[in-house]
Amino acid sequence: MKNLILDVDTGIDDAFALLFAARHPEINLLGVTCVDGNTSLPKVIKNTMKVLDAAGAKAIPVAAGATRPLIDEPRYAEMVHGEDGLGDLGTPDSQRALDSRPAVILLRDLIEESSAPVTLVPLAPLTNIALFLRSFPETAKKVERIVLMGGSAAGGNATATAEFNVWHDPEAAAIVFNSGVPITMYGLDVFMKPLVTQKHADALMAKPEACSQFAGKLISNFIKQMGPEVTLGDYGAVLTALKPELSTRESLALVVDTTFGPNRGQTAVDRRSFFERDDAHTHAPRVDVCLDIQTDVYRELWLETIQG
Ligand code: RIB
Ligand code: CA
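Residues numbered from 1 in each chain as written. Chains lettered and ligands numbered in written order. Predicted model: local features only at pLDDT ≥ 70, side-chain atom pairs only at ≥ 80, totals over all residues. Heavy atoms only, no water.

Novice: Report on the coordination of the calcium ion (ligand 2), specifying residues and quantitative values.
Specialist: Here the calcium ion (ligand 2) is held by the protein donor atoms Asp9 (OD), Asp14 (OD), Asp14 (OD), Leu123 (O) and Asp234 (OD), which lie 2.2 to 2.6 Å from it. Along the chain, the residues donating to the calcium ion (ligand 2) are arranged with the sequence spacing D-x4-D-x108-L-x110-D. As far as the burial class goes, Asp9 and Asp14 line up, both buried. (Donors = N, O, S within 2.8 Å, 3.2 Å for Na, K, Ca; no water. Buried < 20%, exposed > 50% of the residue type's maximum accessible area, 1.4 Å probe, protein only.)

Novice: Hey, could you go over the nonpolar core for me, with residue numbers and the actual values?
Specialist: Core analysis: the largest hydrophobic core is formed by 61 residues, its most contacted members being Leu6, Tyr235, Val238 and Trp302. Discounting residues that sit within four places of it in the chain, Leu6 has contacts with Ala17, Leu18, Ala21, Leu29, Gly31, Val32, Thr33, Val121, Leu123 and Val238. Counting residues in each nonpolar core, the second largest holds 38 residues, with Ile111, Leu120, Leu133 and Phe177 among its members. (Core = buried A, V, L, I, M, F, W, Y, C linked by side-chain atoms within 4.5 Å. Contact = heavy atoms within 4.5 Å.)

Novice: An account of the layout of surface pockets is needed here, citing residue identities and associated values.
Specialist: Computed from the structure, the largest pocket encloses a volume of approximately 490 Å³. Along the walls of the largest pocket sit 26 residues, with Val80, His81, Asn157, Phe164 and Phe191 positioned nearest its centre. For the lining of the largest pocket, a count of residues per class yields 15 nonpolar, 5 polar and 6 charged. Taken as a whole, the second largest pocket holds about 240 Å³ of empty space. Ala253, Asp270, Arg272, Glu276 and Arg286 are, among the 16 residues lining the second largest pocket, the residues nearest its centre. Ranked by residues supplied to the lining of the second largest pocket, first place goes to strand E9 (residues 247-256) with 4 residues. Its residues assigned to classes, the lining of the second largest pocket shows 4 nonpolar, 4 polar and 8 charged. (1 Å grid on protein atoms, 1.4 Å probe; cavity = no way out; pocket = protein on both sides within 12 Å on 5 of 7 lines; lining within 4 Å. Points joined across faces, edges and corners; volume = space filled by probe spheres on them. Nonpolar A, V, L, I, M, F, W, Y, C, P; charged D, E, K, R; others polar. Helix = DSSP H or I, 4+ residues; strand = E, 2+ residues; numbered from the N terminus.)

Novice: Could you give an account of the site of ligand 1, naming the residues involved and the relevant values?
Specialist: Taken together, 13 residues surround ligand 1, and among them Asp13, Asn38, Asn157, Glu163 and Asp234 come closest. Note that an oxygen atom of ligand 1 is positioned 3.0 Å from one of the side-chain N or O atoms of Asp14. Contact between ligand 1 and Asn157: an oxygen atom at 2.8 Å from a side-chain N or O atom of the residue. Judged by the fraction of its atoms near the pocket grid, ligand 1 is located in the largest pocket. Among the elements of the structure, helix H1 (12-23) and helix H7 (164-168) are those that each provide at least two residues to the shell around ligand 1. Broken down by class, the residue content of the shell around ligand 1 amounts to 4 nonpolar, 4 polar and 5 charged. (Near = heavy atom within 4 Å. Polar contact = N/O pair within 3.5 Å; in protein donor to acceptor, adjacent residues only side chain to side chain. Sits in = over half its atoms within 2 Å of the grid points.)

Listed below in structure tokens is the structure:
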């Protein structure tokens, strides 16, 4: 079993990740922390609870985290995820209760209480994770690894050079990448590879199980918003945490651009090998950067687990 804690800004692809993490037999989902990102924190919380209901998940603790980035104003992605942040499916609100602890306290408690190593899987802006690392450095040392969806070795989506999660809160990302905790970066270089189409949505909606129906509707609404092929997105980071052997990773020096210029939020990854030079990357932290994945296996494992 793999002990995971997910940090989410649910979002359609966060939902794909939550459905998988809640249902996969080798994953022990210890808890979920919510953060402002794709949409506002209250909507993220509401969406997260709805997805756990659809997954048929047991009573997993869900905590509220940061309501905005450390420095910048919130900038939402409702053009991708819809007005409610979950594809505007109109599913009923959950009856689940929010954990009374704030996200950083839930993170501390779950890690301290776990008898086995815990992997953090942030799928959103890194505000909660940065605040946790700064608040509880001794507990942070017990984190086995952070496998995060964010950044890229080349190119952006929020801007020409920055990926949305890092762009939303660059200072938080810099704190996390420089924390000393082992990090795997599941970035845009692989994020767009596991794609699904209306054919997959129709097959899921033809199943009687609530989880399959929900997943099929999510894909259908995503396709209406984004086009005929949509990515399983954040889910890929969860599978990379569970089965790293299905990805190709390289340990590379990385610097987050926290300046206020055109590349703010870029994860500048150093892929030079020809000579050492004394510059910003010489003493920068090294991160395991995902450069390729077994795309078909990623897609099929998700479909199997959702319909399982
Ligand atoms: O850039 C992709 C990331 O931004 C994903 O986590 C998606 O959910 C959005 O938050
Ligand atoms: Ca996300």
